[in-house]
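Notes for the structure review
Chain by chain, the residues run as shown.
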Amino acid sequence: EAGEDPRVVGLIVKVGGALPYASMQQLRLGVKKFAASGKPTVAWAESFDRGVNLAAYALATACAEVWLQPGGGIGPLGVGVETTFIRGTLDKLGIEPQFEQRHEYKNAADVLTRKEMTPAHREALERLTASVFDDAVDEIAADRKLDAGRLRELIDAAPLLANQARDAGLVDRLGYRDEAYAALRARVPAKAQLL
């Protein structure tokens, strides 16, 4: 709707913090659809490290232009999962969980019935994280017009300082938030109001 609304002249996204991958995918689709209207899209971040994960960077790259604060950088980007096993706690409480398992890869109940991962559970999570990582690399590489292999090399080389990230093509410009807003404002009609 914003792409078709004449009152909306551009989009600036302040990216920061951890973002669930599924939420990022939904937001990314919205940014891409808005960008298809021909209106400018800009992402700005203080840094893509210290808690800002791969999903946040993938969201930023959906914008036509990615800005990074000069003192920022791109830290290690990857995918992680956590599994908390509570069987030990249940044992202390005298609770005996009873579940049937159809196949070794059906491991949802493992968090209640086991104290550690089985090899099949570990394999399933490793495949899941690899799939998410591969998807993110493909999307980021396409948006940044980088070879996926080169992008993987840059991710492996992280952390990168802001100027290194710019020189590698991971971000377009270095600047502070007010500078990113001013640059976007210069690209839209003079009477337009940015919110």
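Conventions used here
Residues numbered from 1 in each chain as written. Predicted model: local features only at pLDDT ≥ 70, side-chain atom pairs only at ≥ 80, totals over all residues. Heavy atoms only, no water. Pairing = 2+ DSSP bridges. Helix = DSSP H or I, 4+ residues; strand = E, 2+ residues; numbered from the N terminus. Contact = heavy atoms within 4.5 Å. Axes fitted to C-alpha atoms, helices over the stretch in contact; angles between N-to-C directions. Phe/Tyr/Trp six-rings, centres within 6.5 Å; stacked < 30°, edge-to-face > 60°. Buried < 20%, exposed > 50% of the residue type's maximum accessible area, 1.4 Å probe, protein only. Polar contact = N/O pair within 3.5 Å; in protein donor to acceptor, adjacent residues only side chain to side chain. Expected span 1.5 Å × (residues − 1). Arc of directions from axis to C-beta. 1 Å grid on protein atoms, 1.4 Å probe; cavity = no way out; pocket = protein on both sides within 12 Å on 5 of 7 lines; lining within 4 Å. Points joined across faces, edges and corners; volume = space filled by probe spheres on them. Nonpolar A, V, L, I, M, F, W, Y, C, P; charged D, E, K, R; others polar.

Focus: the sheet that holds strand β3 (residues 65-68)
Spatial strand order, β1-β2-β3-β6: four strands in an open sheet with parallel pairing. Of all the strands in the sheet, the pair left with one neighbour each is β1 (11-15) and β6 (173-174). Here β3 runs beside β6; their pairing, made up of two bridges, is parallel. Paired with L68 across the bridge in β6 is L174. Of the strands in this sheet, β1, β2 (41-45), β3 and β6 are in contact with helix α8 (residues 177-187), which crosses β1 at around 165°.

A short note on the packing of aromatic side chains
Two aromatic rings, taken as a pair, are described by how far apart their centres are and by the angle between their planes. All chains considered together, the criterion is met by one aromatic pair. On the numbers, 5.0 Å between centres and 80° between planes, the contact of F48 with Y57 is edge-to-face. Y57 shares its class with F48; the two are buried.

Digging into the side chain of R144
Relative to the helices and strands, R144 resides in helix α5 (residues 119-144). On the basis of relative accessibility, which here comes to 11%, the residue R144 falls in the buried class. A polar side-chain atom of R144 sits 3.4 Å from the main-chain carbonyl oxygen of L170. Reaching out from R144, the side chain makes a polar contact with the side chain of D172 at a distance of 2.9 Å. Not counting residues up to four positions away in its chain, the partners in contact with R144 are Y57, T61, V66, G169, L170, V171 and D172.

Quick notes on helix α1 (residues 21-35)
Over its 15 residues, α1 extends 21 Å from the first C-alpha to the last, a length consistent with the 21 Å expected when each residue adds 1.5 Å. Along α1, the positions that sit buried rather than exposed are Y21, M24, R28, V31 and F34. For α1, the buried positions fall inside an angular range of 130° around the axis, keeping them on one side. Seen from the open side of α1, the exposed residues pointing more than 90 degrees away from its buried face are A22, Q26, L29 and K33.

Some words on empty space enclosed by the protein
This model, assessed by the stated rule, comprises one cavity of 30 Å³ or more. Considering only enclosed or pocket space, the largest cavity measures out at about 30 Å³ in volume. Take the lining of the largest cavity: its biggest share by element is three residues, from helix α6 (residues 148-157). In terms of residue class, the lining of the largest cavity is built from eight nonpolar, no polar and no charged.

Thoughts on the side chain of D49
Mapped onto the elements of the fold, D49 is located in the loop between β2 and α2 (54-60). The exposure class of D49 is buried, given its relative accessible area of 18%. A polar atom in the side chain of D49 sits 2.4 Å from the side chain of S47. If we ignore the near neighbours within four places in the chain, the residues touching D49 are G73, I74 and G75.

Let's talk about the environment of E4
Checked against the element boundaries, E4 lands in the segment before β1. Take E4: its relative accessible area is 74%, and that puts it in the exposed class. The spatial distance from the C-alpha of E4 to the C-alpha of S37 is 7.0 Å, given a sequence separation of 33 residues.

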